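Observations on chain architecture
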Amino acid sequence: MAYVDPGNVATNVEAGARTGYMLVWVVVLANIMAMLVQYMSAKLGLATGKNLPEQCRELAPRWLSRLLWAQAELVAMATDLAEFAGAALGLSLLFAMPIPLAGLVTALVSFAVLACQQKGCRFFELAVFALLLLVLSGFSYDLLIVGHQSTASAAAGMVPHLRGETTGLLAAAIVGATIMPHAVYLHSALTQRRVQASKPSEQRFLLRYLRIDCALGFAIAGAVNLGILCLSAALFRDTDLGNVDAITAAHTDLGRTIGGGAAMTFAVALLASGISSASVGTCAGQVVMQGFLRRRIPLFARRIITMAPALFILSAGLPITSTLVFSQVVLAFGIPFALLPLVVITRRRDLMGPLANTPATTAAGALVCALVICLNVYLIVTLVKGG
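Residues numbered from 1 in each chain as written. Predicted model: local features only at pLDDT ≥ 70, side-chain atom pairs only at ≥ 80, totals over all residues. Heavy atoms only, no water.

1. Comments concerning the overall build of the protein
Counted only if it meets this: Only DSSP runs of H or I with at least four residues qualify as helices, and only runs of E with at least two residues qualify as strands; both kinds are numbered from the N terminus onward. Atoms counted for the radius of gyration: C-alpha only. Globule rule: 2.2 Å times residue count to the power 0.38. Residue contacts follow a heavy-atom distance rule, with two residues in contact if any of their heavy atoms lie within 4.5 Å. Method for areas: the Shrake-Rupley scheme with a 1.4 Å probe, in which residue coverage is limited to the protein chains shown. Charged-residue counts in this description rest on Lys and Arg as positive and Asp and Glu as negative, His and the chain ends being excluded. Every charge is mapped to an atom, namely NZ of Lys, CZ of Arg, CG of Asp or CD of Glu.
What the protein contains, in helices and strands, is 17 helices and 0 strands. Taken over C-alpha atoms, the radius of gyration comes to 20 Å for the protein, in line with the 21 Å a tight globule of 387 residues would show. Projected onto the principal axes, the alpha-carbon positions of the protein cover approximately 60 × 45 × 40 Å. Here the contacts in the protein between residues at least 6 apart in sequence split such that 85% fall between residues at least 24 apart. With the model as given, the accessible surface of the protein reaches about 16,200 Å², and the carbon-plus-sulfur share is 68%. Distance between charge centres in the protein, computed from 26 positive and 17 negative side chains, equals 13 Å.

2. With respect to the pattern of salt bridges
To be explicit about the condition: Any carboxyl oxygen of Asp or Glu that lies within 4 Å of a side-chain nitrogen of Lys or Arg is treated as forming a salt bridge with it. Think of it in three bands: with a 1.4 Å probe and only protein chains considered, a residue is buried below 20% of the maximum accessible area for its type, exposed above 50%, and partly exposed in between.
Inspection of the entire model under this criterion finds 5 salt bridges. Its salt-bridge partner being Glu 58, residue Lys 50 comes within 2.8 Å of it at the nearest N-O pair. You can call Lys 50 partly exposed: its relative accessible area is 28%. On the accessibility criterion, Glu 58 (39% relative accessible area) is partly exposed.

3. Regarding the packing of aromatic side chains
Stated formally: Centre distance within 6.5 Å is the pairing criterion for rings of Phe, Tyr and Trp, where only the six-membered ring of Trp is used; planes under 30 degrees apart are then read as stacked, over 60 as edge-to-face, and the remainder as tilted.
If you walk through the whole model with that rule in mind, you get 2 aromatic pairs. Both rings, one in Tyr 185 and one in Phe 292, keep their centres 6.1 Å apart while their planes meet at 75°; by these two values the pair is edge-to-face. Of this pair, Tyr 185 sits in helix 9 (residues 181-192) while Phe 292 sits in helix 13 (residues 278-293), and the two are 107 residues apart along the sequence. By the burial criterion, Tyr 185 is buried, and Phe 292 matches it.

4. Some thoughts on the environment of Ala 301
Relative to the helices and strands, Ala 301 resides in helix 14 (residues 299-316). Each C-alpha atom, one on Ala 301 and one on Pro 341, is 29 Å from the other, the two residues being 40 residues apart in sequence.

5. Thoughts on the nonpolar core
Note on soluble globular proteins: their nonpolar side chains tend to be buried together. How we decide: By nonpolar core is meant a set of buried Ala, Val, Leu, Ile, Met, Phe, Trp, Tyr and Cys residues that side-chain atoms within 4.5 Å join together.
Judged by nonpolar contacts, the single largest core of 121 residues is most densely connected at Ile 179, Ile 247 and Leu 339. No other element matches helix 2 (residues 24-48), which puts 15 residues into this core. In contact with Leu 339, other than residues within four places in its own chain, are Val 37, Met 40, Gly 365, Val 368 and Cys 369.

What is shown is where atoms sit, not what they do.
Structure below.
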């Protein structure tokens, strides 16, 4: 669910609206990289029985562990901001509700989602899965209506290239929204005790299913994200948006060119993506704090703390889509802090046993980290030159 949240919607809509199909290759490449990263994260939890923050606390010096905790809390708050603001925007588009009021309603709904989690893991997963189906159905419907003729143009967008400050910013946002460092921490925690496997043969058996799980999940999420970008590119073909909010403009254009049903479907899908992913940042923050510091606070208390920045931004009237994109850029800069420890730990046979990375997997993980760092450096250089 984390990979079709409002952060993904915002970055893909903005990319399609501002650059057409130019960044299709970034969506595809980021999805492949995320598949590898999440596989290694899940494998760490399965092999060691500990999550990534716990391993970092035990293996890293105290100062480094605290530094990793601080940046991990920052990216978890950026995630909460995206999910909260996106759901509020969807609610506002659907019911013409003032944004500040939509933010308050979203807060109440997010507490209801967390309450589902208190009823048990399976009940919570079923509720989120139902919302996920709603998201998939909504965006798929709009894409079939608007973007069904974009196959050739999307294929042309598979040629890797960036051009200037805007494409660099959006590429970093797409990568941040797709790889998502907080989800790296969380995934290792979700697999560490979900299924107990004491024997190497049992671990290898479960590992095969983890591969299938990651491949299937990211195939679905990647298709949705690619579809959103193509939908936006088709909607805004030969259109200069200027300073107009891209998500709001997409909703308006769908209503004007296709009809109210398409616009309503878009708004419902955005709202569902925000509600269903509302617990991701909160749960990730809980894993981060407990893993790095051995401290735990109630989920509802954490939700109150992390929703405060989002409520402030909604009340201040800042452009929501731009804010969402910026929050995903923050995630892009947090990726190396999660990925470097992950690659280093999962290659250690003394910790991972027979599930330790092969040299090829370690090299692929290091390459992903290097690519993300290069993209971040490219963005900084272009912003400095542009300023």
